Amino acid sequence: MASKSITIVDYGMGNIGSVVGALRFLGVEPEVTPDPERVKIAHSLILPGVGSFRKAMEKLKSAGLDQAILETVQTRKRAILGICLGMQLLGSWSTEDGESQGLALIPNRVSRFDKSEQTKVPHVGFNTVQFSQRKGIFSELPEKADFYFVHSYRMLPDGLEGRTATCDYGGEFLAGFEKEKICGTQFHPEKSQTNGLILLKNFIEMVSLC
């Protein structure tokens, strides 16, 4: 696949090294940039993320990256993959560190796990994901597949249209999403061994056809 066909948005809160490593393993050399002008002309985007939703949105807005992402995805109809916090940032709102508005590419809200003796927060480690349809970025995966998670906040799958993946941790939450080139994974595909590489390969193939 041609070099620079995937652009990783660098806003200072991403697990960029491991994402770059996984893409290189799959034969893709991504562009990594903090420049909104580069994001605006990107062929496709990956939005990684680790940390606070509020702080992440503040960084995106202060750099003008929020509008650059929306222009690329909504106006130019380019594909995006949000990973972990990156998927949450695609949501409408989060309650982390107070109410914060997201990019609203996925209409649902993000809220903290309900802590109990059975569900320790954060949710860390491999857990089983089930797919509504094994198509698109979920192609060639088993009906149930294990992926690696690290998070304290999650999005519920209620009312979403499109392909979804769910995981059970004290209740069902949204583990993955795809609709009209807007994709997200709450888990880290770049840290999920074979299953994660399959998903990333599917995203690469999707954007190569765009």
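Here the structure is shown first, and the text comes after it.
Let us look at the structure shown here. These figures come from a predicted structure and were not determined experimentally. (Residues numbered from 1 in each chain as written. Predicted model: local features only at pLDDT ≥ 70, side-chain atom pairs only at ≥ 80, totals over all residues. Heavy atoms only, no water.)

Considering the environment of Cys167
Relative to the elements of secondary structure, Cys167 occurs in strand β11 (residues 163-168). The buried category is assigned to Cys167, whose relative accessible area is 1%. With residues up to four places along the chain from it excluded, the contact list for Cys167 reads His123, Asn127, Thr128, Val129, Phe149, Glu172, Phe173 and Ala175. (Helix = DSSP H or I, 4+ residues; strand = E, 2+ residues; numbered from the N terminus. Buried < 20%, exposed > 50% of the residue type's maximum accessible area, 1.4 Å probe, protein only. Contact = heavy atoms within 4.5 Å.)

Overview of the sheet that holds strand β4 (residues 79-83)
Spatial strand order, β2-β1-β3-β4-β13-β12-β11-β8-β9: nine strands in an open sheet with mixed pairing. Each having just a single partner strand, β2 (31-33) and β9 (144-151) make up the two edges of the open sheet. Ignoring strand direction, the axes of neighbouring strands in this sheet form an average angle of 25°. Pairing analysis gives eight bridges linking strand β8 (residues 123-131) to β9, with the strands arranged antiparallel. Pairing of Phe126 across the sheet is with Tyr148, part of β9. Lying on the sheet, helix α1 (residues 16-25) is in contact with β1 (7-9), β2, β3 (44-47) and β4; it crosses β1 at an angle near 170°. Contacting β1, β3, β4 and β13 (182-185), helix α4 (residues 65-75) runs over the sheet at an angle of about 140° to β3. (Pairing = 2+ DSSP bridges. Axes fitted to C-alpha atoms, helices over the stretch in contact; angles between N-to-C directions.)

Topic: the sheet that holds strand β5 (residues 93-94)
Read across the sheet, four strands follow the order β6-β5-β7-β10 without closing on themselves; strand pairing throughout is mixed. This sheet does not close on itself; its edge strands, each paired only once, are β6 (100-101) and β10 (153-155). Across two bridges, β5 lies against strand β7 (residues 109-112) in parallel orientation. Bridge assignment links Trp93 to a residue of β7, and that residue is Arg109.

Considering helix α6 (residues 193-208)
Taking 1.5 Å per residue as the helical rise, α6 with its 16 residues ought to reach 22 Å, and the 23 Å between its terminal C-alpha atoms agrees with that figure. All of the buried residues along α6 are Asn195, Gly196, Ile198, Leu199, Leu200, Asn202, Phe203, Ile204, Met206 and Val207. The secondary structure elements touched by the buried residues of α6 are α1, β3, β4, β9, β12 (172-179) and β13. (Expected span 1.5 Å × (residues − 1).)

What about unusual backbone geometry?
With the exception of glycine, the majority of residues adopt a negative phi angle, and the majority of peptide bonds are in the trans configuration. A cis geometry characterises the amide bond from Val121 onward to Pro122, with omega recorded as 10°. Position of Pro122 among the secondary structure elements: in the loop between β7 and β8. Phi at Cys84 takes a positive value of approximately 55°, unusual for a residue other than glycine. With respect to the helices, strands and loops of the structure, Cys84 is situated in the loop between β4 and α5 (85-89). Looking at Cys84, the relative accessible area reads 5%, which means it is buried. Of note in this structure, Lys181 is not a glycine but carries a positive phi near 70°. Looking at where Lys181 falls in the secondary structure, it is placed in the loop between β12 and β13. Exposure remark for Lys181: the relative accessible area of 32% places this residue in the partly exposed category.

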